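# Notes for the structure review
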2 protein chains.
Amino acid sequence: MENKHRFCVIMCGGIGSRFWPYSRSAKPKQFIDFFGTGRSLLQMSYDRILPLVPKENVIIVTNEQYAPLVKEQLPELNDNQILLEPARRNTAPCIAWAAYHINAIDPQASMIVTPSDHLITREREFEKAIEAGFDFVESHDALLTLGIKPSRPETGYGYIQVGNPESENILKVKTFTEKPDLQLAKVFFESGEFFWNSGIFLWSVESILNALHSYAPDLTNTFAKGIDTFGTPAEREFIDREFPGCVNISIDYAVMERAANVYVECVNFGWNDLGTWSALYDNSPKNAEANVTQNCRVLAYESKGNMFAVSGDKLVVVKGLNDYIIADAGDVLLVCPKADEQHIKQYVNDVKITYGDKFL
Amino acid sequence: MENKHRFCVIMCGGIGSRFWPYSRSAKPKQFIDFFGTGRSLLQMSYDRILPLVPKENVIIVTNEQYAPLVKEQLPELNDNQILLEPARRNTAPCIAWAAYHINAIDPQASMIVTPSDHLITREREFEKAIEAGFDFVESHDALLTLGIKPSRPETGYGYIQVGNPESENILKVKTFTEKPDLQLAKVFFESGEFFWNSGIFLWSVESILNALHSYAPDLTNTFAKGIDTFGTPAEREFIDREFPGCVNISIDYAVMERAANVYVECVNFGWNDLGTWSALYDNSPKNAEANVTQNCRVLAYESKGNMFAVSGDKLVVVKGLNDYIIADAGDVLLVCPKADEQHIKQYVNDVKITYGDKFL
């Protein structure tokens, strides 16, 4: 098989607290059938990558808490394809482990790293883009990130400013930016030079290990100690001992914003990070009153622009609510203006202080 | 026992649709432990009357649909104390049947007729008032209704205007009024001449049967056909055959507004008909933000004056909601301004049209 050196790492350990209470600590959003299609976001991510890499080259990295959910949702995977993190340590340690793990299996490997909880609507475009990305990183010592062509002046994403083109759709990265305010986002949007930072990466195992060695030597030192265990039964014990000591840092901050060989592939395949209720609202079909209903029955009177996310077979009747999130998860109900969704993390904190873990 | 001729009829067949979805067709509000005390409104009504009439003289009239609920909640009653209506026909047919039934047991009986879903907070005052009422109707050919001393210019109740006093706290009724608008309600409230119409009645069986004969001859004709069956095993069959043919009419309209011997006992025992969410809100303890929580846990941010009625162990988190009803009944969630509660019946109708009986 031509693509036998290609691997996929699906990062699947997040807790999705911005979608609380629909996304819960015990079953975060990547495990939820968000669109009522019969497949969870994780399953959709897996389905999407299968035409591109051999099934046995798909690696799921998740928190050990979610091992049963992963096995239930992807029963076709072998246990050695599921890497269980004993602690939450952001994306850099996760990716470093996966890279060392794959390197032990196939030092010539290239890999895509992708979140498990994004929406991608145009799968054919996705396949073409990922094929091109693999081709590029297999012929260049490059760290490639996917940049999404913006469709609006979004303030909820980081942006990548592009520099000189390297090949069709692949350009040198000039800068990574923080989330902009609306004024700046409009400038970015209109310039044509800025793309959304998707958090999807491609590189050869050799390139990422070299970059980690240069820019995250602590991580390299930690994983180098276990170099003989990767791909063996001793790997789990090594990780359980050493992984919790890893620094909590993102791959963007640890490597991508520092390395010199960083490129962006500019793509346009109907992407949304589903990072917030508003993101989901914006990307969902709306009825005549601009209400979005998520797996539920709604009778709405004088109510517009609401996001209804209610589990199960529930009926919701509302009067006089505009631009709210109404999220019901059985034992928790949240009613809050869409504009206040950035406070949901604070509510979750208050819930934890007041009630412990019961409702998280 | 001195009070052996005294009977109590508790009317318990309503469906409480103004409290939907907390009150459901399958379990209306009289069967709900509304205040989290461990006793339903029906049980509270029963407890309240027990010091006043012998236990075996308590008669429950309900729809046959609710027989299991009544037996579950009042297991000390015998089956012959539970009259099961085969159809819903308002209060006049219900009271007529109960009067004929009691007449067959004890023609010298006096009786109190009371709804099962009201709140009465001052039970000692209630007992004194009912004792006095029984004494009056046992010595006068009188139809006695209880008038509640108003505590505010309420527009949700009918009023009774009093005439000449007959004895302490008992006066001739001058007029019954419809629910007034606010301006008129203020006039009523300030006059001291108007009392709330409670829907609690006392009379001798003889007086009510005479009044029915004069003012509701159709009902009398119907029940007279079964005169030999009351108190016998044949009663049920007679009722199942004849009751559905009774006119659907209230006792107020059929008798109280027409008869000449109608009196009102003016009382003040902490009464609320719990007819609406607002009534419940007004009569419930409130927290510092004027929110009322009903059997649930609430975290409220910038939210005041709300009525939370959520079944079970649920957590509710709200932001930026003022003066709303938030009622969750497992499979139904209602969010609606308190000021719009008169529309709840319309919502229930729309639900029925859209989904059938599933959510009623």
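So, here's what we can say about the structure. (Residues numbered from 1 in each chain as written. Chains lettered and ligands numbered in written order. Predicted model: local features only at pLDDT ≥ 70, side-chain atom pairs only at ≥ 80, totals over all residues. Heavy atoms only, no water.)

### Some remarks on the relation of the copies chain B and chain A
- Mapping chain B onto chain A calls for a rotation angle of 180° and an axial translation of 0.0 Å; the resulting RMSD is 0.1 Å. The superposition operator between the copies reduces to a two-fold rotation axis. Every residue of chain B has its C-alpha some distance from the rotation axis, and the shortest such distance is that of Gly330 of chain B, at 3.8 Å. (Least-squares fit on C-alpha atoms with pLDDT ≥ 70 in both.)

### Thoughts on unusual backbone geometry
- With an omega of 5°, the peptide bond running from Trp20 of chain A to Pro21 of chain A counts as cis.
- Topologically, Pro21 of chain A is positioned in the loop between β1 (6–11) and α1 (41–49).
- Although it is not a glycine, Asn90 of chain B sits at a positive phi angle of roughly 65°.
- For Asn90 of chain B, the location among the structural elements is in the loop between β3 (82–85) and α3 (91–105). (Helix = DSSP H or I, 4+ residues; strand = E, 2+ residues; numbered from the N terminus.)

### Description of the layout of surface pockets
Residues and elements named next belong to chain B.
- Empty space within the second largest pocket amounts to approximately 1,500 Å³.
- Around the second largest pocket, the lining comprises 42 residues; the ones closest to its centre are Arg18, Asn90, Thr91, His118 and Asp252.
- Secondary-structure elements contributing two or more residues to the lining of the second largest pocket are α3, β9 (194–204) and α9 (251–256).
- Top contributing element to the lining of the second largest pocket by residue count: β9, with four residues.
- In terms of residue class, the lining of the second largest pocket is built from twelve nonpolar, 18 polar and twelve charged. (1 Å grid on protein atoms, 1.4 Å probe; cavity = no way out; pocket = protein on both sides within 12 Å on 5 of 7 lines; lining within 4 Å. Points joined across faces, edges and corners; volume = space filled by probe spheres on them. Nonpolar A, V, L, I, M, F, W, Y, C, P; charged D, E, K, R; others polar.)

### Concerning the pattern of salt bridges
All names here are of chain A.
- For the structure on display, the rule yields 42 salt bridges over all chains.
- Between Asp323 and Lys338 there is a salt bridge; the shortest N-O distance is 3.6 Å. Taken as a pair, Asp323 in the loop between β15 (315–319) and β16 (324–328) and Lys338 in the loop between β17 (332–337) and α11 (344–355) lie far apart in primary sequence, 15 residues in all.
- Judged by relative accessible area, which is 42%, Asp323 ranks as partly exposed. (Salt bridge = Lys/Arg side-chain N within 4 Å of Asp/Glu carboxyl O. Buried < 20%, exposed > 50% of the residue type's maximum accessible area, 1.4 Å probe, protein only.)

### A look at the interface of chain B and chain A
- Contact with chain B, which involves 35 residues of that partner, is made by 35 residues of chain A.
- Interface area for chain B against chain A, summed over the two sides, is near 2,800 Å², with a carbon-plus-sulfur share of 60%.
- For chain B, the biggest contributors to the area lost against chain A are Leu315, Lys319 and Leu333 of chain B; these three give 23% of the whole.
- Between chain B and chain A we count four salt bridges in total.
- One salt bridge in this structure joins Lys319 of chain B and Asp340 of chain A, with 2.7 Å as the shortest N-O distance.
- There are 20 residue pairs in polar contact (both at pLDDT 80 or more) connecting chain B and chain A.
- Breaking the side of chain B that touches chain A down by element, the ones donating at least two residues are β13 (297–301), β15 (315–319), β16 (324–328), β17 (332–337) and α11 (344–355) of chain B.
- Taken together, the residues of the side of chain B that touches chain A sort by class into 21 nonpolar, five polar and nine charged.
- The pairing of β15 of chain A with β17 of chain B spans four bridges and is classified as parallel. Looking at the pairing, Val318 of chain A lines up with Val335 of chain B of β17 of chain B. (Contact = heavy atoms within 4.5 Å. Buried area = accessible area lost by both parts, 1.4 Å probe. Polar contact = N/O pair within 3.5 Å; in protein donor to acceptor, adjacent residues only side chain to side chain. Pairing = 2+ DSSP bridges.)

By themselves, these figures tell us nothing about what the structure is for.
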